[in-house]
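Examination of the molecular architecture
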Amino acid sequence: MGTYAAVVLAGGAARRMGGVDKPALPVGGLSMRDRVLAAVGDAAPRVLVGPGDDVPDGVRVTREDPPGGGPVAATAAGLALLDPDTTLVALLAADLPLLTRAAIGDLLTHLNPADDGVCFVDADGRRQSLCGVWRVAALRAGLARLATERGGSLAGAPVRGLLAGLVVREVPWAGDGPPPWFDCDTDEDVRRAEEWVR
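In this text, all values refer to a predicted model and were calculated from it rather than measured experimentally. (Residues numbered from 1 in each chain as written. Predicted model: local features only at pLDDT ≥ 70, side-chain atom pairs only at ≥ 80, totals over all residues. Heavy atoms only, no water.)

Details of the overall build of the protein
The criterion, for reference: A run of H or I in DSSP counts as a helix once it spans at least four residues, and a run of E counts as a strand once it spans at least two, with each numbered from the N terminus. Radius of gyration here uses only the C-alpha atoms, and the compact-globule reference equals 2.2 Å multiplied by the residue count raised to the power 0.38. Exposure classes here rest on a 1.4 Å probe applied to the protein chains alone. A residue is buried below 20% of its type maximum, exposed above 50%, and partly exposed in between. The contact definition used throughout considers only heavy atoms, calling two residues in contact when any of these lie within 4.5 Å. Each accessible area is a Shrake-Rupley result for a 1.4 Å probe, and residues are judged covered by the shown protein chains and nothing else.
The helix and strand tally for the protein stands at six helices and nine strands. Compactness check: the protein gives a C-alpha radius of gyration of 16 Å against a globular reference of 16 Å for 198 residues, within 12% of the reference. Once the C-alpha set of the protein is aligned to its principal axes, its extents read approximately 45 × 35 × 35 Å. Buried residues in the protein amount to 48% of all 198 residues. Within the protein, counting contacts between residues at least 6 apart in sequence, those at least 24 apart form 65% of the total. Accessible area of the protein: about 9,200 Å², with a carbon and sulfur share of 50%.

A few points about unusual backbone geometry
With omega at -5°, the peptide bond leading from alanine 44 into proline 45 counts as cis. With respect to the helices and strands, the residue proline 45 is situated in the loop between helix 1 (32–39) and strand 4 (46–49). Omega for the bond connecting aspartate 65 with proline 66 falls within 30 degrees of zero, at 0°, which places this linkage in the cis form. Inspection of the secondary structure puts proline 66 in the loop between strand 5 (59–62) and helix 2 (71–79). The phi dihedral of aspartate 54 is positive, around 55°, even though this residue is not glycine. Along the chain, aspartate 54 falls in the loop between strand 4 and strand 5.

Examining the sheet that holds strand 8 (residues 127–135)
Selection criterion: Whether two strands pair depends on DSSP finding at least two bridges between them. Note on geometry: axes are lines fitted to C-alpha atoms, helical ones only across the stretch in contact, with angles between N-to-C directions running from 0 to 180 degrees.
In spatial order, the strands read 5-4-1-6-8-7-9; together these seven strands make up an open sheet with mixed pairing. The open sheet has two edge strands with one neighbour each: strand 5 and strand 9 (168–172). When the angles between neighbouring strand axes are averaged without regard to direction, this sheet yields 25°. Pairing geometry for strand 4 and strand 5, over four bridges, is parallel.

Description of the packing of aromatic side chains
For clarity, the cut-off: Whether two aromatic rings pair depends on their centres lying within 6.5 Å, for rings of Phe, Tyr and Trp, where Trp uses its six-membered ring; planes under 30 degrees apart make the pair stacked, over 60 edge-to-face, and the rest tilted.
For the coordinates displayed, the defined rule picks out three aromatic pairs. Seen from their ring centres, phenylalanine 120 and tryptophan 173 are 5.6 Å apart, and the 85° between their planes marks the pair as edge-to-face. A residue pair is termed long-range when its members are at least 10 positions apart, and phenylalanine 120 in strand 7 (residues 117–121) and tryptophan 173 in the loop between strand 9 and helix 6 (187–197) qualify at 53 residues. Ring plane angle 40° and centroid distance 5.7 Å describe the contact between phenylalanine 120 and tryptophan 181, whose orientation is recorded as tilted. Linking phenylalanine 120 in strand 7 with tryptophan 181 in the loop between strand 9 and helix 6, this pair joins segments that are 61 residues apart in sequence. For the pair phenylalanine 120 and tryptophan 181, a shared accessibility class is recorded, and that class is buried.

Considerations on the confidence of the model for the protein
Just so we agree on the cut-off: Within a predicted model, pLDDT stands for the predictor's per-residue confidence, ranging from 0 to 100.
Averaged over all residues, the pLDDT of the protein is 91; the fraction at 70 or higher stands at 94%. Across the protein, strand 6 (residues 88–93) holds the top mean pLDDT of 98, while helix 6 sits lowest at 87.

Re the packing of helix 2 against helix 4 (residues 136–149)
Stated precisely, the cut-off is as follows: For this classification, under 35 degrees means roughly parallel, over 145 means roughly antiparallel, 65 to 115 means roughly perpendicular, and everything else is oblique. Handedness of a crossing follows from how the near helix is turned relative to the far one, being left-handed for an anticlockwise turn of less than a right angle and right-handed for a clockwise one. Note that Gly is not counted as nonpolar here; it falls among the polar residues with everything else outside the nonpolar set of Ala, Val, Leu, Ile, Met, Phe, Trp, Tyr, Cys and Pro and the charged set of Asp, Glu, Lys and Arg.
Their axes nearest at 11 Å, the elements helix 2 and helix 4 cross at an angle of 130°. When the axes of helix 2 and helix 4 are compared, the pair comes out oblique. Note on packing geometry: the crossing formed by helix 2 with helix 4 is left-handed. Seen from helix 2, the contacting residues are Val72, Ala76 and Leu79; seen from helix 4, they are Leu139, Arg140, Leu143 and Leu146. By residue class, the composition of the contact of helix 2 with helix 4 is six nonpolar, no polar and one charged.

Observations regarding the environment of valine 27
Along the polypeptide, valine 27 turns up in strand 2 (residues 26–27). It is 9.6 Å that separates the C-alpha atoms of valine 27 and tryptophan 196, two residues lying 169 residues apart in sequence.

Below, the structure is given as structure tokens:
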């Protein structure tokens, strides 16, 4: 598939966990954020949208406007740091500690020329949109459309609104072990992830 970039969204408020910096929580001795960044270690560039303390070398860091403005605003901020010739981007939540390079490779393999993007879908048919690979042009068009519809502000816009009208290939997880989109919204989720990475 050639090269791709990665934008990792790490600016959420983690209200169900008391407002902690959730992506900074360790799983198996490594923060969830750094686990996601490692899964896309071959992406160029890698962009983190959120707090940028102690990020790995070479990772570009930015914040959404306003901070805490949600995943669509964060996506816009992340795309703004991509190189002009970037055509593909992995768009990922930062709280996916079980994401692997193999899972990213699975997505890249399933992306066809007619697709605007590809993402995993769970057993109940729900798209895992923040565990996907997307065409940058399609995302930018969606951001422009949403900004027009919302009077210029992307704060609080839903991801489904960003992806509305896109041709999306849905990929069920066929690999071994837990699904790569498993996200940690509670302390119990973090404990389960810890057990899985042992």
